[in-house]
Amino acid sequence: MGTLTLKQINRLFWLGRYSERLDTTLRYMMDYYDSMIDGTPAPYDSFCRMLSIPNVYKDEETFWHDYLFDPGNPDSMAAAADRMLDNGVMLRETIGTETFSYIQMAVNNLHKASSSTGPQVELQSVLDDIMAFRGSFDDYINDESIVMVIKAGTLLERVSLYLRLDYPDHKVLLEMKKLMNRLSLTPVRTRSACLAEMLSVSSSGLLPSDRSGLIKAAEDLFIVDYD
């Protein structure tokens, strides 16, 4: 395996996190859009509380549009996509042009969705681009350490979001186990107390009724900078 700098490790990690943030959250929001059209949307204030983000939205339609598409909203998917792209640009030589191109396409399709009256097609294209990005780095990046760092970020974000969004226990535990199994293969440093807590839960196969402590352990697990 090649030698990665600390800055590369941090950027690869956040590239994984932001790509997963788009994937998981867009799937949630596409379901929300369908329920909004049907007149039965879930309370968006509950979503904001679960993600610990400020509720700055006046109604369902504002939430739908601004949370997805407002680049001036630091919590939006547009902002996450821009940060994903920024990391991809800085890592272009590390991950390769072909792998990077799928990141660019995902961002382009999110921008297209923002001006569409029926954005489901473009949003599905964003999800397809993210899947293609994952397949590309699996197939074309020969340095396993690069792949493992991206996957560490991806799995950490998935575990955090699944915990926050109250996914079923078995789904959270499955992703947590995947993350724990990859730790020995990645050069990203971890905090011992957070790792011990997550390993204990993963080994027991039981999530605590109050997930807040586990969410904090997950968020603090890796020692990283540069997003």
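For the structure itself, look to the data block above.
These figures come from a predicted structure and were not determined experimentally. (Residues numbered from 1 in each chain as written. Predicted model: local features only at pLDDT ≥ 70, side-chain atom pairs only at ≥ 80, totals over all residues. Heavy atoms only, no water.)

## Side note on the overall build of the protein
Consideration 1: If you tally the helices and strands in the protein, you get 11 helices and zero strands.
Consideration 2: Counted from the first residue to the last, the protein has its helices and strands arranged as α-α-α-α-α-α-α-α-α-α-α.
Consideration 3: Relative to its length of 227 residues, the protein is compact, with a C-alpha radius of gyration of 18 Å against a globular reference of 17 Å.
Consideration 4: In terms of principal-axis extent, the alpha carbons of the protein reach across some 50 × 45 × 25 Å. (Helix = DSSP H or I, 4+ residues; strand = E, 2+ residues; numbered from the N terminus. Rg over C-alpha atoms; globule rule 2.2 N^0.38 Å.)

## Overview of the packing of aromatic side chains
Where two aromatic rings form a pair, the distance of their centres and the angle of their planes describe that pair.
Consideration 1: Summed over all chains, the structure comprises 14 aromatic pairs.
Consideration 2: Taking the centre distance of 4.8 Å and the plane angle of 25 degrees together, the rings of Tyr 28 and Phe 47 count as stacked. Taken together, the residues span a long stretch of sequence, with Tyr 28 in helix H1 (residues 6-38) and Phe 47 in helix H2 (residues 44-51) at a distance of 19 residues.
Consideration 3: Relative to Tyr 67, the ring of Phe 63 has its centre 5.6 Å away and its plane inclined at 20 degrees; by these criteria the two rings are stacked. Taken together, the positions of Phe 63 and Tyr 67, both in helix H3 (residues 60-69) and four residues apart, correspond to about one turn of that helix.
Consideration 4: Its relative accessible area of 0% is what places Phe 63 among the buried residues.
Consideration 5: By relative accessible area, which is 2% here, Tyr 67 ends up buried.
Consideration 6: Each member of the aromatic cluster is reached from another via a ring pair, and the members are Tyr 28, Tyr 32, Tyr 44, Phe 47, Tyr 57, Phe 63 and Tyr 67. (Phe/Tyr/Trp six-rings, centres within 6.5 Å; stacked < 30°, edge-to-face > 60°. Buried < 20%, exposed > 50% of the residue type's maximum accessible area, 1.4 Å probe, protein only.)

## Topic: the nonpolar core
Consideration 1: Core analysis: the biggest nonpolar cluster contains 77 residues, and Ile 95, Leu 179 and Met 198 have the highest contact counts within it.
Consideration 2: Here this core takes 13 residues from H1, the largest share from any one element.
Consideration 3: Excluding residues within four positions of it along the chain, Ile 95 makes contact with Leu 12, Leu 15, Phe 100, Ile 103, Ile 141, Ile 146 and Ile 150. (Core = buried A, V, L, I, M, F, W, Y, C linked by side-chain atoms within 4.5 Å. Contact = heavy atoms within 4.5 Å.)

## Brief notes about the pattern of salt bridges
Consideration 1: For the coordinates displayed, the defined rule picks out 13 salt bridges.
Consideration 2: A salt bridge links Arg 27 to Asp 23, with the nearest nitrogen and oxygen atoms 3.1 Å apart. Within this pair, Arg 27 and its partner Asp 23 are both found in helix H1, separated by four residues, close to a single helical turn.
Consideration 3: When salt bridges that share partners are traced, they join Glu 20, Arg 134, Arg 158, Glu 175 and Lys 178 into one network. (Salt bridge = Lys/Arg side-chain N within 4 Å of Asp/Glu carboxyl O.)

## A word on the packing of helix H4 (residues 77-90) against helix H6 (residues 97-114)
Consideration 1: Running from N to C, H4 and H6 cross one another at 155 degrees; their axes reach a closest spacing of 10 Å. Taken together, the axes of H4 and H6 are roughly antiparallel relative to one another. Once H4 is placed against H6, the crossing between them reads as left-handed. Where H4 abuts H6, its residues Met 77, Ala 78, Ala 81, Asp 82, Met 84, Leu 85, Gly 88 and Val 89 lie against Phe 100, Ile 103, Gln 104, Ala 106, Val 107, Leu 110 and His 111.
Consideration 2: Looking at the contact of H4 with H6 residue by residue, the classes come out as 11 nonpolar, three polar and one charged. (Axes fitted to C-alpha atoms, helices over the stretch in contact; angles between N-to-C directions. Parallel < 35°, antiparallel > 145°, perpendicular 65-115°, else oblique. Left-handed = near helix turned anticlockwise from the far one by under 90°. Nonpolar A, V, L, I, M, F, W, Y, C, P; charged D, E, K, R; others polar.)

## Section: the packing of H1 against helix H8 (residues 144-164)
Helix-helix packing: each pair is described by the crossing angle between the helix axes and the interaxial distance.
Consideration 1: Where H1 contacts H8, the two axes come as close as 7 Å, and the packing angle between them is 40 degrees. Here H8 runs oblique to H1, going by the angle between their axes. The crossing of H1 and H8 is right-handed. Listed contacts from H8 to Ile 9, Leu 12, Phe 13, Leu 15, Gly 16, Arg 17, Ser 19, Glu 20, Arg 21, Thr 24 and Thr 25 of H1 are Ile 146, Val 149, Ile 150, Ala 152, Gly 153, Thr 154, Leu 156, Glu 157, Arg 158, Leu 161 and Tyr 162.
Consideration 2: Its residues assigned to classes, the contact of H1 with H8 comprises 11 nonpolar, six polar and five charged.

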